[in-house]
Structures are given as C-alpha cells and as structure tokens.
Amino acid sequence: MESKDHEERRGTATERRREELLEAANRVVMREGPEASMNAIAAEAGITKPILYRHFGDKGGLYRALAVRHTDALLDSLRAALDAPAGRRERVEATLDTYLAAIEARPQVYRFLMHPADGGPRGEEGFAAGQQTAPLLRRLGEELAEVIAERVDLGPSAAELARVWGHGIVGMMHAAGDWWLADRPCSRAQLVQHLADLLWGRLAAAGDRVGGRVF
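Because the structure is predicted, anything quoted here is derived from the model rather than measured. (Residues numbered from 1 in each chain as written. Predicted model: local features only at pLDDT ≥ 70, side-chain atom pairs only at ≥ 80, totals over all residues. Heavy atoms only, no water.)

The next subject is the overall build of the protein chain. Along its length, the protein chain carries nine helices and two strands. When the elements of the protein chain are put in sequence order from the N terminus, they spell out α-α-α-α-α-α-α-β-α-α-β. Per-residue burial over the protein chain gives 41% buried out of 215 residues. In the protein chain, the proportion of contacts linking residues at least 24 apart, taken out of those at least 6 apart, comes to 68%. (Helix = DSSP H or I, 4+ residues; strand = E, 2+ residues; numbered from the N terminus. Buried < 20%, exposed > 50% of the residue type's maximum accessible area, 1.4 Å probe, protein only. Contact = heavy atoms within 4.5 Å.)

Structural data, given as structure tokens:
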C-alpha cells in the first residue's frame, strides 16, 4: 500500500498539473473566446487530448473549471467594491463598474463563458457555453443576495426580497452588459450612472441592517 505521504504528494502533483492545464486553457480562451477547442488547448499545453480528458472528463468539466476560476475572481472584486469605504451610492456604482470593467477587459473570456460557439477548428464542436450560463448567473445572484441580506434592513420579508434583488440585479447587469459590450451605445461611466439610477430608489430608502456591515 502507498504511504499517506506518497498519496499526498501525488495529489499535490495532480492538482499542480491541473492548474497548469487550466492556465493553458485560459490562454487559448483569451485568444479565441467561445471558438476555443480541446484540440487547441491540448496543443497549447503540449499534451494529447486524451490526457486533457483524463484531468477534466470532458469539455463540460474543463468549462466548469474555468468558469469557477473566473467567477471566483469576479466575486472577490465585487465584494471588495461593496465593502469599500464610501457612501452607499458610490459603492453601488463601483460594483456595477467592477462587473462592466471585467467583461470589457476580457471580452473573449466573457464570450466563452456566456455565449455558445457554433463550432471549433478542424471540425471539432465548440464549447456549449450557453448551456452553463444559467448556473453561473444563479451563483452570482445567490452571492449578491447574501451580501444584500447581511447589509440592508429589508423588513419582515428580508430573506425573500434579498434573493429577488440579488438575482434581479445580476440579470440586469448581465443583459445590459451584454448589449453594451456588443453595441457600445454609450461610455461605461454613463451606463453605470443609468443602471445606478434605475436601482437607487428602494436602496436609498432602506436602512442598514442592525449588527451587519454598512451598505
């Protein structure tokens, strides 16, 4: 039987290799967006496709691993904006701007995560990213709902209302951001102002939750 130390070393090496493959996949996605293929990712990593499948199972497994990486980073940035030492209106605007800045800075990553590919190179089907959009948005909505519930006094229906607001705000950011990224009808700063104006009525009226962080 293998020793515990040997098993741990093997596990660490596997995790490190998986991270290296994710880095390779990320580079391809940054270049090709939703048209990224398993062939291209394997070539970038200097391995064969069967090895790539061994680590992630299938395209869906690799997609989900990349989605978790980018969603975690986005959530960290959104939390930082929400907790910045500023007034509530300024933090609402900063949160909206953080999301829009993220999709503007990495449009290919955004399209990979949110838009399905028609097909990849050499006849390989592209990632069916559209099938994973709803779970990603749901996760963002639930995370934002928790933040709202912790910070804003929404009365006796607080838990329900926080979830409605969380998912509603994420849906608004996603739909407006998707349209804005494609058409660029106004500046990012203007869009932030317009969306903040839309949100501001009830947020301005609600008090801070006693014992919670200030929002």
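Turning our attention to the packing of aromatic side chains. Taken as a whole and assessed by the stated rule, the structure comprises one aromatic pair. Taking 5.3 Å as the distance between ring centres and 40° as the angle between the ring planes, the aromatic pair formed by Tyr63 and Phe112 counts as tilted. Of the two residues, Tyr63 sits in helix 4 (residues 59-82) while Phe112 sits in helix 6 (residues 107-114), which places them 49 residues apart along the sequence. Taking NZ or CZ as reference, Arg184 lies 4.5 Å from the ring centre of Trp180, over its face. (Phe/Tyr/Trp six-rings, centres within 6.5 Å; stacked < 30°, edge-to-face > 60°. Lys NZ or Arg CZ within 6 Å of the ring centre and 35° of its normal.)

Counting 55 residues, the largest nonpolar core has Leu52, Leu62, Leu96, Tyr99, Leu113 and Ile148 as its most contacted members. Discounting residues that sit within four places of it in the chain, Ile148 has contacts with Leu154, Ala162, Trp165, Gly166 and Ile169. (Core = buried A, V, L, I, M, F, W, Y, C linked by side-chain atoms within 4.5 Å.)

One non-glycine residue, Arg184, lies in the positive phi region at around 45°. Here Arg184 is to be found in the loop between helix 8 (158-183) and helix 9 (188-205).

Here we come to the side chain of Glu93. Mapped onto the elements of the fold, Glu93 is located in helix 5 (residues 88-105). Those residues in contact with Glu93 that lie beyond four places of it in its chain are Val192, Gln193 and Ala196.

What follows deals with the pattern of salt bridges. Between side chains of opposite charge, a pair can form as their charged atoms come close. Throughout the structure, instances matching the rule amount to 16 salt bridges. Two residues, Arg79 and Asp76, come together in a salt bridge whose shortest N-O distance is 3.2 Å. Pair noted here: Arg79 and Asp76 are both in helix 4, with a separation of three residues, about one helical turn. Here Arg89 ties to Glu93 by a salt bridge, and the two come within 2.7 Å at their closest N and O atoms. (Salt bridge = Lys/Arg side-chain N within 4 Å of Asp/Glu carboxyl O.)

This part is about the packing of helix 3 (residues 49-56) against helix 4. Direction vectors running N to C along helix 3 and helix 4 enclose 60°, while the axes themselves pass 8 Å from each other. By the angle between their directions, the pair helix 3 and helix 4 is classed as oblique. Regarding helix 3 and helix 4, the two cross each other, and that crossing is left-handed. Where helix 3 abuts helix 4, its residues Leu52, Tyr53 and Phe56 lie against Lys59, Gly61, Leu62 and Ala65. Of the residues assigned to the contact of helix 3 with helix 4, the class counts are five nonpolar, one polar and one charged. (Axes fitted to C-alpha atoms, helices over the stretch in contact; angles between N-to-C directions. Parallel < 35°, antiparallel > 145°, perpendicular 65-115°, else oblique. Left-handed = near helix turned anticlockwise from the far one by under 90°. Nonpolar A, V, L, I, M, F, W, Y, C, P; charged D, E, K, R; others polar.)

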